[in-house]
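The chain contents come next:
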Amino acid sequence: MIPCLDVDAGRVVKGVNFVGIRDAGDPVELAARYDAEGADELVFLDITASSDARDTMVHVVERVADQVFIPFTVGGGVRSVDDVDRLLRAGADKVGINTAAIARPHLLMDCAERFGAQCIVLSADARGTPEGAAPTPSGFEVTTHGGRRGSGIDLLDWLLRAEDLGAGEILLNSMDADGTRAGYDLEMIREARATVGVPVIASGGAGKVDDFAPAVHAGADAVLAASVFHFGQLRISDVKDALRGAGLPVR
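Residues numbered from 1 in each chain as written. Predicted model: local features only at pLDDT ≥ 70, side-chain atom pairs only at ≥ 80, totals over all residues. Heavy atoms only, no water.

J.: How would you summarise the packing of helix α2 (residues 58-65) against helix α3 (residues 81-90) if you had to cite specific residues and measurements?
T.: Axis separation between α2 and α3 bottoms out at 8 Å; the angle between their running directions is 35°. For the pair α2 and α3, contact is made by Val 58, Val 61, Glu 62 and Ala 65 and by Arg 86, Leu 87 and Ala 90, respectively. (Axes fitted to C-alpha atoms, helices over the stretch in contact; angles between N-to-C directions. Helix = DSSP H or I, 4+ residues; strand = E, 2+ residues; numbered from the N terminus. Contact = heavy atoms within 4.5 Å.)

Structure below.
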């Protein structure tokens, strides 16, 4: 069970389908709370670093890392091996790469060779092929710059290539489901699971405790959520109890 901190200008924010952003709190305070409540891991995404062409806010990462004692993944604005090194030194256990990997896929290989595949997470913001766009074989395309730009690249082709290049984990975020609280995109999860052998984290769409188990049954190794925790609709213990009730192993 993984809470996600989507950070913009030093604050946690959340929207619907990557728009309609509203403030959700201080990342350091939320990180400490989720650690205390029993989160298994934590994800920190600087959601405007790539679109603003700036580096991840390392000072905020350092403050968050000081508050947590669970695995901590950081992404957003990562463009080079040196960026990964800087974030790992700031306290991250793993680093997510999205936009730069699409532009230069061998960045994944370079980072995996330097730090180990276990440190390198491919962050894939994916959506159904937009109306009027050329269809992809799977019906899903990956996007860049925090979901602001389509790539025309087929999601499944990209996941398979990223795994071959050294990505040790996939953070699979459905843009169509993101923030809707209508449930995870189970078709996307199933297709991703059938394509790659590395762990898949399902993201986007959680709204109630009954949404999490279907994502795991569809093939997710872990489930990520944000707004339902930030705004108090659910607690991590609620989700873990529901997963246990569905007969799934829970830490």
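Still to come is the rest of the account.
J.: Now, about the side chain of Asp 185: what can you tell me, with residues and values included?
T.: Topologically, Asp 185 is positioned in the loop between β10 (169-174) and α7 (186-195). Among buried Asp, Glu, Lys and Arg side chains, Asp 185 stands out as unpaired, with Arg 190 the closest opposite charge at 7.0 Å. Excluding anything up to four places from it in sequence, Asp 185 contacts Phe 140, Ser 174, Ala 177 and Gly 204. (Buried < 20%, exposed > 50% of the residue type's maximum accessible area, 1.4 Å probe, protein only. Lys, Arg positive; Asp, Glu negative; His and termini not counted. Salt bridge = Lys/Arg side-chain N within 4 Å of Asp/Glu carboxyl O.)

J.: Can you break down helix α6 (residues 155-165) residue by residue, with the values?
T.: Residue pairs spaced three or four apart in an α-helix point in one direction, given the helix's 3.6 residues per turn. Within α6, the full set of buried residues consists of Leu 155, Leu 156, Trp 158, Leu 159, Ala 162 and Leu 165. Positioned one or two residues after α6, Gly 166 has a phi angle of 125°, which is positive.

J.: A description of the pairing of strand β1 (residues 2-8) should follow, citing residues and the corresponding values.
T.: Counting buried positions along β1 gives six out of seven residues, so the element sits mostly inside the fold. The pairing of β1 with strand β12 (residues 222-225) spans two bridges and is parallel. Bridge pairing in β12 links Pro 3 to Ala 225. Judged from the four bridges that link them, β1 and strand β4 (residues 42-46) form a sheet pairing that is parallel. When the bridges of β4 are listed, Cys 4 appears paired with Val 43. (Pairing = 2+ DSSP bridges.)

J.: Go over the side chain of Asp 83 with me, naming the residues and quoting the values.
T.: When you line up the elements, Asp 83 lands in helix α3. Residue classification places Asp 83 among the buried positions, given a relative accessible area of 10%. Of the polar contacts made by the side chain of Asp 83, one reaches the side chain of Arg 86; its length is 2.3 Å. (Polar contact = N/O pair within 3.5 Å; in protein donor to acceptor, adjacent residues only side chain to side chain.)

J.: Residue-level account of the packing of helix α5 (residues 106-115) against α6, with values.
T.: Geometry of a packed helix pair, given as the angle between the helix axes and the separation of the axes. In the contact formed by α5 and α6, the axes pass within 8 Å of each other and the chain directions differ by 30°. When you trace α5 past α6, the crossing you get is right-handed. Contacts from His 106, Leu 108, Met 109 and Ala 112 in α5 reach Trp 158, Arg 161, Ala 162 and Leu 165 in α6. When its residues are assigned to classes, the contact of α5 with α6 shows six nonpolar, one polar and one charged. (Left-handed = near helix turned anticlockwise from the far one by under 90°. Nonpolar A, V, L, I, M, F, W, Y, C, P; charged D, E, K, R; others polar.)

By themselves, these figures tell us nothing about what the structure is for.
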